[in-house]
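Residues per chain, in single letters:
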Amino acid sequence: MSSKDEAATPTNFIRNRILKELEAGQYEEIVTRFPPEPNGYLHLGHAKSIVLNFSLAEEFGGYTNLRFDDTNPAKEEQRYVDAIKEDVAWLDYQWKNECYASDYFETLYEYALHLIDNGLAYIDGQDADAIREQRGTLTEPGTPSPDRDRDPAESRELFERMRAGEFEDGQYVLRARIDMAAPNINLRDPVIYRIRHKAHPRTGNDWCIYPSYDFAHGQSDAIEHITHSLCTLEFEDHRPLYDWLIEHLPVSSRPYQIEFSRLNLDFTVLSKRRLTRLVDEGFVDGWDDPRMPTIAGIRRRGFTPDSIRNFCAEIGVTKSESIIPFGALERNLRDDLNVRAPRRMAVLRPLKLVLTNFPEGETDWVEAANHPQDPDMGTRQVALTRELYIEQDDFMEEAPKKFFRLKPGGEVRLRNAFIIQCDEVIKDEAGNVVELHCTFDPETRSGQPGADRKVKGTIHWVSAEHAVKAEVRLYDRLFKVPHPGGDKERDFVEHLNPDSLEVLDHARLEAGVETARPGEFYQFERLGYFVPDPDTTPEKPVLNRAVTLRDTWAKLEKQLRQG
RNA sequence: UGGGGGAUCGUCUAGUGGUAGGACUACGGACUCUGACUCCGUCAGCGGGGGUUCGAAUCCCUCUCCCCCAGCCA
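Residues numbered from 1 in each chain as written. Chains lettered and ligands numbered in written order. Predicted model: local features only at pLDDT ≥ 70, side-chain atom pairs only at ≥ 80, totals over all residues. Heavy atoms only, no water.

1. Some points on the overall build of chain A
Step number 1: When helices and strands are counted, chain A shows 14 helices and 25 strands.
Step number 2: A globule of 563 residues ought to have a C-alpha radius of gyration of about 24 Å, yet chain A, at 31 Å, is considerably larger.
Step number 3: With the C-alpha coordinates of chain A rotated into their principal frame, the extents come out at 100 × 55 × 45 Å.
Step number 4: Looking at chain A as a whole, 52% of its 563 residues qualify as buried.
Step number 5: Put simply, of all contacts in chain A between residues at least 6 apart along the chain, 69% involve residues at least 24 apart.
Step number 6: About 26100 Å² of surface is accessible on chain A, with carbon and sulfur atoms providing 46% of the total.
Step number 7: Of note, chain A has its 73 positive side-chain charges centred 4 Å away from the centre of its 100 negative side-chain charges. (Helix = DSSP H or I, 4+ residues; strand = E, 2+ residues; numbered from the N terminus. Rg over C-alpha atoms; globule rule 2.2 N^0.38 Å. Buried < 20%, exposed > 50% of the residue type's maximum accessible area, 1.4 Å probe, protein only. Contact = heavy atoms within 4.5 Å. Areas by Shrake-Rupley, 256 points an atom, 1.4 Å probe, with all protein chains shown as cover. Lys, Arg positive; Asp, Glu negative; His and termini not counted. Charge placed at Lys NZ, Arg CZ, Asp CG, Glu CD.)

2. With respect to helix α12 (residues 305-315)
Residues separated by three or four positions in an α-helix point in the same direction, a consequence of the helix having 3.6 residues per turn.
Step number 1: Three or more residues of α12 are buried, namely S307, I308, F311 and C312. End-on, the buried residues of α12 take up no more than an arc of 135°, which puts them together on one face.
Step number 2: Residues of α12 that are buried sit in contact with α3 (44-59), α4 (78-90), α11 (295-301) and α13 (326-340).
Step number 3: Once α12 finishes, G316 follows within two positions and takes phi at roughly 80°, a positive value. (Arc of directions from axis to C-beta.)

3. Observations regarding the environment of M292
Step number 1: Of note, M292 is situated in the loop between α10 (272-280) and α11.
Step number 2: Taking C-alpha positions, M292 is 7.9 Å from L275, a pair spaced 17 residues apart along the chain.
Step number 3: Other than its neighbours up to four places away in sequence, M292 contacts L275, L278, V279, V284, G286, W287, G297 and I298.

4. Notes on the protein's contact with RNA strand B
Step number 1: Lining the immediate environment of RNA strand B, one finds 71 residues, of which R196, R343, S446, Q523 and T552 sit closest.
Step number 2: Among the atoms of RNA strand B close to the protein, meaning within 4 Å, 64% are from sugar or phosphate groups.
Step number 3: Within the side chain of R343, one N or O atom sits 2.4 Å away from a base oxygen of RNA strand B.
Step number 4: With respect to RNA strand B, the side chain of T458 contributes an N or O atom lying 3.4 Å from a sugar or linking oxygen.
Step number 5: Within the residue set of the surface near RNA strand B, elements represented by two or more residues are α6 (128-134), β6 (191-195), α13 and α14 (552-561).
Step number 6: In the surface near RNA strand B, the residues fall into 21 nonpolar, 24 polar and 26 charged. (Near = heavy atom within 4 Å. Polar contact = N/O pair within 3.5 Å; in protein donor to acceptor, adjacent residues only side chain to side chain. Nonpolar A, V, L, I, M, F, W, Y, C, P; charged D, E, K, R; others polar.)

5. Description of the packing of helix α5 (residues 105-117) against helix α8 (residues 213-223)
Step number 1: Closest axis-to-axis distance for the α5/α8 pair is 11 Å, and the angle between their directions is 110°. Taken together, the axes of α5 and α8 lie roughly perpendicular to each other. Viewed along their axes, α5 and α8 form a crossing whose handedness is right-handed. On the side of α5, the interface is formed by T107, L108, Y111, A112 and L115, while α8 contributes F215, A216, Q219 and I223. (Axes fitted to C-alpha atoms, helices over the stretch in contact; angles between N-to-C directions. Parallel < 35°, antiparallel > 145°, perpendicular 65-115°, else oblique. Left-handed = near helix turned anticlockwise from the far one by under 90°.)

6. Overview of the nonpolar core
Step number 1: One finds F159, L174, Y193, I209 and F215 to be the most contacted residues of the largest nonpolar core, which totals 39 residues.
Step number 2: Elements supplying a minimum of two residues to this core: α5, β4 (121-124), α7 (152-163), β5 (173-176), β6, β7 (209-211), α8 and α9 (239-248).
Step number 3: With eight residues, the single largest contributor to this core is α5.
Step number 4: Those residues in contact with F215 that sit more than four places away from it in its chain are L108, Y111, A112, L115, I192, Y193, L245 and L249.
Step number 5: Grouped together as the second largest cluster of nonpolar side chains are 38 residues, F68, C312, I324 and A341 included. (Core = buried A, V, L, I, M, F, W, Y, C linked by side-chain atoms within 4.5 Å.)

7. Thoughts on the sheet that holds strand β21 (residues 468-475)
Step number 1: Read from one edge of the open sheet, seven strands run β10-β23-β24-β25-β21-β22-β11, paired in mixed fashion. Across the chains shown, the open sheet's two edge strands, defined by having one partner strand only, are β10 (343-344) and β11 (346-347).
Step number 2: Sheet analysis places strand β24 (residues 528-532) next to strand β25 (residues 542-548), joined by five bridges and oriented antiparallel. Pairing of G528 across the sheet is with T548, part of β25.
Step number 3: With respect to the sheet, α13 is in contact with β10, β23 (522-524), β24 and β25, its orientation differing from that of β25 by roughly 110°. (Pairing = 2+ DSSP bridges.)

8. Observations concerning the sheet that holds β5
Step number 1: The antiparallel open sheet is built from four strands, whose spatial order is β4-β5-β6-β7. Whereas interior strands pair on both sides, the edge strands pair on one side only; in this sheet they are β4 and β7. For this sheet, the mean angle separating the axes of adjacent strands, direction not counted, is 20°.
Step number 2: Bridge count between β6 and β7: three bridges; the pairing is antiparallel. Pairing of R194 across the sheet is with Y210, part of β7.
Step number 3: Together, β4, β5, β6 and β7 form the strand contacts of α7, whose direction differs from that of β4 by roughly 60°.

9. Considering the packing of aromatic side chains
Step number 1: According to the stated counting rule, one finds 19 aromatic pairs in the structure shown.
Step number 2: Pairing F403 with W553 gives two aromatic rings, centres 5.7 Å apart and planes at 65°, and the pair type is edge-to-face. Of this pair, F403 sits in the loop between β15 (387-391) and β16 (411-414) while W553 sits in helix α14, and the two are 150 residues apart along the sequence. By the burial criterion, F403 is buried, and W553 matches it.
Step number 3: With 4.5 Å between their ring centres and 25° between their planes, F524 and F530 make a pair best called stacked. Comparing F524 with F530, the two get one shared label, buried.
Step number 4: Ring-pair connections join several aromatic residues into one group, and the members of that group are F105, Y109, F159, Y193, W207, Y210 and F215.
Step number 5: Over the ring of Y63 we find K96; its NZ or CZ atom is 4.7 Å from the centre of that ring.
Step number 6: Above the ring of Y256, the side-chain terminus of R254 is found at 4.2 Å from the ring centroid. (Phe/Tyr/Trp six-rings, centres within 6.5 Å; stacked < 30°, edge-to-face > 60°. Lys NZ or Arg CZ within 6 Å of the ring centre and 35° of its normal.)

So this is what it looks like as structure tokens:
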């Protein structure tokens, strides 16, 4: 393997560990799982986990299960299950088994009985407040529950009656009997079963007692013969409990939990709790709002699965907490789309331009390459007429020296067509520029001999007659500050960017783009990458700008303005 | 001030006793009918202090800072 290939296969501490284990012959195959709770949509943080789990199993010839951690019917819904499956599939990963923690409720119940019978769990009749008070604090040990030494036979009977529905919510809980003085609070007799008279999306009313996360997760891993159970850092101090349960239960395999740091992106939030609030309180237009860092959101925005996967490979996997610039994600999209997106012309904010020496009523069809570096993508004919639209930004009446676009008396090339000169600037009463009168140089038609006269700038345009009106939605960062979730003084929603969505109603597209469907993408030259929104129709096209092109001019202009 | 983690260029990340490397960003340049792409180049780092060693990002001591944990959430 060349050094370049090695660089293309980034490694990480988990992969290194597996490599060693494999070398030592500890595993036949690597089995991982992606275990979302179906209580919300997947976001980019989940994407990191998905890519990690699937790529590890794939590399080492194993497989990955999709497992829904559905142990809390109070929060979970089928629609989230459906959305999650769609998102994982969209990322182009195939799970081996579709599993549910709820599939294991019967086994888990038996495991609980096993603990009870061995004096390792007991039924506590206290309420939540009492249990909390007895848990102690970070610096003081807990105090034992009065029920801690309940006879196992009695606990068993109570547990069976819990299952039978004889008690109310909260009346009893099952607790593991570990160590009330443990410095790790998770070991101070954690609750492992609670009563919830609530229909479960999958098991309906079969159960009224449900296992806690801690009691379900590791055992589910064991049942599925997961070898490496990867999760985020906040579960690190659950690992002793994870191990304790595995060791004290008659499970059929021995999974290991390994923790890595979760993904953070600047100028957004990546916690399901916060994202849920944005949706529920109407700050965004739903889970798939293109401004949301959800898989559904960025998909609608125009991101590709490859760009997400590449991004996840690029950021690596460690235990140190990090915040990745949102721009890193965008660059991956550009890199992907640059290669694949056909080029088109579109004008976002139209300024009328009349070619005064162009015959009225005629159309000149100019040839345009669909991709400057990829001739295989072919060419197309674009209509050039006397009346055109150009971008408002591409004309300046009083232009700085570095402005290479159109200015009074100046010359510029119309992309794929002629060099034109600006002869006259038409204004309204208020002094706004409303129209430009220009002449074109017939000798400079693109592709013709002698057309290679150099001018500084090239601008895009569309034919006023042929272009199609469209709505274009531009997206900016959702928040105004880099770390909206890190402000302890203020609610994160106070940092929302009021200008995160800009809707342009008068954009004009090169003819043909109006029939594109979601999932197709274009580069509008000099503007960025655009995809049709699900709202689009041929009669009223709606396009999303997924990401701009890199814009050196904008940067220069900003510097000029700031001196 | 209990327990568990973490600290390497601006950012992310390699490196577990032998010249701190890569990617991104930034900056400079080349090219250009996209101020895109591409190409070339430059800047830039081991949290602090001790110690061991011929030699320390790596081992030891110590200090500092950051994150997580007191749900019948996951």
